[in-house]
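Topology and contacts: notes
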Amino acid sequence: HYAPLVNNIIEGNRKFFDYDNELVCEYVNFTEEKERTASYFYEEDIIILNLASIHTIFALNQSKLFEYILLHEFRHKFQTQEMDAYQRKRQIRVTAEIAESWLKNCRNYIQPLNENGKENPEYFKQSLEFDANVYAYAVMQYKYGDVSCLKDCVPGCYGKDFYEKADEWCQRFREMGI
């Protein structure tokens with residue numbers, strides 16, 4: 001029963017994203033992985049949503065957290081499209097330097113959890129993750145103003161650069177008239 005809500009979030013945020021194709025979401029029920037709410041799989045071009053995690057988020061009345069998570073995954077879709085276009089020598093909407101950074105990150109991607117199931121501290125420092133987190137945060141900040149409910153979503157390793165980048169995105173959104 002979350003599909004209409006997810007579709008509303010997608011449509012309500014479409015203006016912040018420029019996709020070449022539709023955004024496809026699939027629902028699964030990973031009760032043993034409740035901490036994983038959503039993941040973008042670039043090979044299949046699909047976002048997998050974990051119903052067990054979504055249910056917990058909404059039971060705790062954290063709808064903005066869910067929207068932030070979706071925005072983060074939407075950004076990964078955008079990143080993938082840009083890297084693909086760059087490799088095919090097509091026009092991209094980011095700089096070549098950013099596309100190269102993302103491609104390098106993909107080749108050396110660090111998973112969020114290590115082989116022992118512990119958090120990898122380097123995971124959040126990756127260019128793909130930093131960009132997805134800051135973009136999602138910026139969209140939420142632009143839309144809602146007060147995003148103090150998301151303070152736990154911002155990894156401590158980001159520091160003030162994260163908030164400065166989010167402010168830059170908000171300024172771009174204003175200039176774009178979104």
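Up top is the structure these notes are about.
What this report covers is the structure whose coordinates are included nearby. Every chain begins its residue count from 1, and numbering advances along the sequence as written. Confidence filtering applies because this is a predicted model: local features only for residues at pLDDT of at least 70, side-chain atom pairs given and counted only at 80 or more, and all residues used for totals across whole chains, interfaces and linings. The side-chain figures draw on all heavy atoms in the structure; neither hydrogens nor water molecules are used.

**Observations concerning unusual backbone geometry**
The backbone of aspartate 45 shows a phi angle near 55 degrees, a positive value even though the residue is not glycine. Helix and strand assignments come from DSSP, with helices taken as H or I runs of at least 4 residues and strands as E runs of at least 2, each series counted from the N terminus. As for its placement among the helices and strands, aspartate 45 is situated in the loop between strand 2 (38-41) and strand 3 (46-50). A positive phi is found at lysine 89, a non-glycine position, where the angle reads about 60 degrees. With respect to the helices, strands and loops of the structure, lysine 89 is situated in the loop between helix 3 (63-87) and helix 4 (96-107).

**Section: the side chain of glutamate 67**
Within the secondary structure, glutamate 67 sits in helix 3. Remark: exposure states derive from per-residue accessible area (1.4 Å probe, protein chains only) relative to the maximum for the residue type, with buried under 20%, exposed over 50%, and partly exposed in between. Given a relative accessible area of 6%, glutamate 67 falls into the buried group. In contact with glutamate 67, other than residues within four places in its own chain, are Ile9, Asn13, Met140, Lys143 and Tyr144. In this analysis, two residues are considered to be in contact whenever any of their non-hydrogen atoms come within 4.5 Å of each other.

**Details of the state of the cysteines**
The disulfide definition used here is simple: a pair of cysteine sulfur atoms within 2.5 Å. Counted by the stated rule, this structure contains 0 disulfides. Of the cysteine sulfurs around cysteine 106, a residue in no disulfide, the closest is that of cysteine 157, at 18 Å.

**Re the environment of tyrosine 123**
Tracing the backbone shows tyrosine 123 in the loop between helix 4 and helix 5 (127-144). Given a relative accessible area of 12%, tyrosine 123 falls into the buried group. Through-space distance from the C-alpha of tyrosine 123 to that of leucine 113 is 8.2 Å; in sequence the pair is 10 residues apart. Excluding anything up to four places from it in sequence, tyrosine 123 contacts Tyr109, Ile110, Gln111, Pro112 and Glu129. As used in this structure description, the phrase polar contact means that two N or O atoms lie within 3.5 Å; if the pair is within protein, one of them must be able to donate a hydrogen and the other to accept it, and residues adjacent in sequence are counted only when both atoms belong to side chains. Within polar-contact distance, the side chain of tyrosine 123 engages the side chain of glutamate 129 at 3.1 Å.

**So, the pattern of salt bridges**
Think of a salt bridge as a Lys or Arg side-chain nitrogen and an Asp or Glu carboxyl oxygen that are within 4 Å of each other. A full pass over the atoms with the stated rule returns 8 salt bridges. A salt bridge links lysine 77 to aspartate 45, with the shortest nitrogen-to-oxygen separation between them at 2.8 Å. Placement of the pair is lysine 77 in helix 3 and aspartate 45 in the loop between strand 2 and strand 3, with a sequence separation of 32 residues. Owing to a relative accessible area of 1%, lysine 77 belongs among the buried residues under this scheme.

**Quick notes on helix 5**
Taking 1.5 Å as the rise per residue, helix 5 with 18 residues should run 26 Å; its terminal C-alpha atoms sit 25 Å apart, in good agreement. Counting buried positions along helix 5 gives 13 out of 18 residues, so the element sits mostly inside the fold. One or two positions beyond helix 5, positive phi appears at glycine 145, with a value near 75 degrees. Expected span, for any helix, means 1.5 Å times one less than how many residues it has.

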